[in-house]
Amino acid sequence: MKCPFCGNDNTRVIDSRPADDNNSIRRRRMCDVCGKRFTTYEKVETIPLVVIKKDNNREQYDRSKIEAGVLRACHKRPISINQVNQLVEEVETEIFNLEEKEVPSTVIGELVMDKLKDLEAVAYVRFASVYREFKDVNTFMNELKKILDR
């Protein structure tokens, strides 16, 4: 593993343990040349996943798109970055547990909405309004009524 500080190839593992999500290994490393320490994460390589968009175009799965959508929905809400990361991790785990090579974007969107609904109502409505492409106030109000009826 290359040292991010000096670029040397001689680094060694000092400590290994499961990461918080139990889906990866966290390794503390130390550079033999400059002596600085850094952390790496080792994750199981999965089969490439293709997302089928609404217009039937296909593109490679990109976790950052889910993160960006959730962060936008949670903007200025009392939700920590750890809660956002956990939500994205849960969605990603469920997607990969489907064991499909192609997953419709609608499935991913519904998973995100289900998780947001449990996390925070305003973030859920924000995400749903973009995802479901609310065209007018009535559609928006219907979604709010569903939340209030819960």
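The structure under discussion appears in the preceding block.
So, how was this worked out
Residues numbered from 1 in each chain as written. Predicted model: local features only at pLDDT ≥ 70, side-chain atom pairs only at ≥ 80, totals over all residues. Heavy atoms only, no water. Pairing = 2+ DSSP bridges. Helix = DSSP H or I, 4+ residues; strand = E, 2+ residues; numbered from the N terminus. Axes fitted to C-alpha atoms, helices over the stretch in contact; angles between N-to-C directions. Phe/Tyr/Trp six-rings, centres within 6.5 Å; stacked < 30°, edge-to-face > 60°. Buried < 20%, exposed > 50% of the residue type's maximum accessible area, 1.4 Å probe, protein only. Parallel < 35°, antiparallel > 145°, perpendicular 65-115°, else oblique. Left-handed = near helix turned anticlockwise from the far one by under 90°. Contact = heavy atoms within 4.5 Å. Core = buried A, V, L, I, M, F, W, Y, C linked by side-chain atoms within 4.5 Å. Nonpolar A, V, L, I, M, F, W, Y, C, P; charged D, E, K, R; others polar.

> Before we go on, may I ask you to explain the sheet that holds strand S6 (residues 102–104) in this structure?
Pairing between the strands of a sheet is mediated by backbone hydrogen bonds and can be parallel or antiparallel. Reading across the sheet, the 3 strands line up as S5-S4-S6 and stay open at both edges, with mixed pairing between neighbours. This sheet does not close on itself; its edge strands, each paired only once, are strand S5 (58–60) and S6. Adjacent strand axes in the sheet meet at a mean angle of 35 degrees, parallel and antiparallel pairs treated alike. For strand S4 (residues 50–52) and S6, the ladder comprises 3 bridges, and the chain directions are parallel. Counted as the bridge partner of Ile52 is Pro104 from S6.

> Explain the packing of aromatic side chains to me, please; I cannot follow it from the model alone.
Each aromatic ring pair is characterised by the separation of its centres together with the angle its planes make. Scanning the model with the defined rule gives 2 aromatic pairs in all. Their ring planes at 85 degrees and their centres at 5.6 Å tell us that Tyr61 and Phe96 sit as a pair that is edge-to-face. You can see Tyr61 sitting in the loop between S5 and helix H1 (63–73) and its partner Phe96 sitting in helix H2 (residues 81–97), a full 35 residues away along the chain. Exposure remark for Tyr61: the relative accessible area of 14% places this residue in the buried category. Using a relative accessible area of 25% as the deciding quantity, one classes Phe96 as partly exposed.

> Which parts of the structure should I look at to understand the pairing of strand S1 (residues 11–18)?
Strand residues, when the strand is regular, have side chains that alternate between the two faces of the sheet. Of the pairings in the sheet, the one linking S1 to strand S2 (residues 24–31) comprises 7 bridges and is antiparallel in character. Across the sheet, Val13 pairs through a bridge with Arg29, a residue of S2. Linking S1 back to S2 in an antiparallel pair, the connection comprises 5 residues, with Asn22 at a positive phi of about 60 degrees.

> Help me understand the packing of H1 against helix H4 (residues 121–131), please; the structure alone is not making it clear to me.
The relative placement of two packed helices comes down to the angle between their axes together with the axis-to-axis distance. Interaxial distance between H1 and H4 falls to 8 Å at its minimum, and their mutual angle equals 125 degrees. For the element pair H1 / H4, the angle class is oblique. Two packed elements cross with a definite hand, and for H1 against H4 that hand is right-handed. Contacts between H1 and H4 involve Gly69, Arg72 and Ala73 from the first element and Ala123, Arg126 and Phe127 from the second.

> How should I be thinking about the nonpolar core in this particular structure?
Considering soluble globular proteins, one finds that nonpolar side chains tend to be buried as a cluster. Counting 27 residues, the largest nonpolar core has Ile66, Val70, Ile95, Val112 and Leu116 as its most contacted members. For this core, the secondary structure elements donating two or more residues are H1, H2, helix H3 (105–119) and H4. Among the elements that make up this core, the one with the highest residue count is H4 (6 residues). If near-sequence neighbours (up to four positions away) are discounted, Val112 is found in contact with Ile66, Val70, Val91 and Phe127.

> Before we go on, may I ask you to explain the sheet that holds strand S3 (residues 37–43) in this structure?
Read across the open sheet, the 3 strands follow the order S1-S2-S3; overall the sheet is antiparallel. Because the sheet does not close on itself, it has two edges, and the strands there are S1 and S3. Going across the sheet, the axis of each strand differs from the next one's by a mean of 30 degrees, ignoring polarity.

> Explanation requested: the packing of H3 against H4 in the structure shown.
Running from N to C, H3 and H4 cross one another at 160 degrees; their axes reach a closest spacing of 8 Å. Between H3 and H4, the angle is such that the two are roughly antiparallel. Every pair of crossing elements has a handedness; the one defined by H3 and H4 is left-handed. Across the interface between the two elements, Ser105, Thr106, Gly109, Glu110, Val112, Met113, Leu116 and Lys117 of H3 pack against Ala123, Tyr124, Phe127, Ala128 and Tyr131 of H4. Its residues assigned to classes, the contact of H3 with H4 shows 8 nonpolar, 3 polar and 2 charged.

Function-wise, these values are silent; they only describe arrangement.
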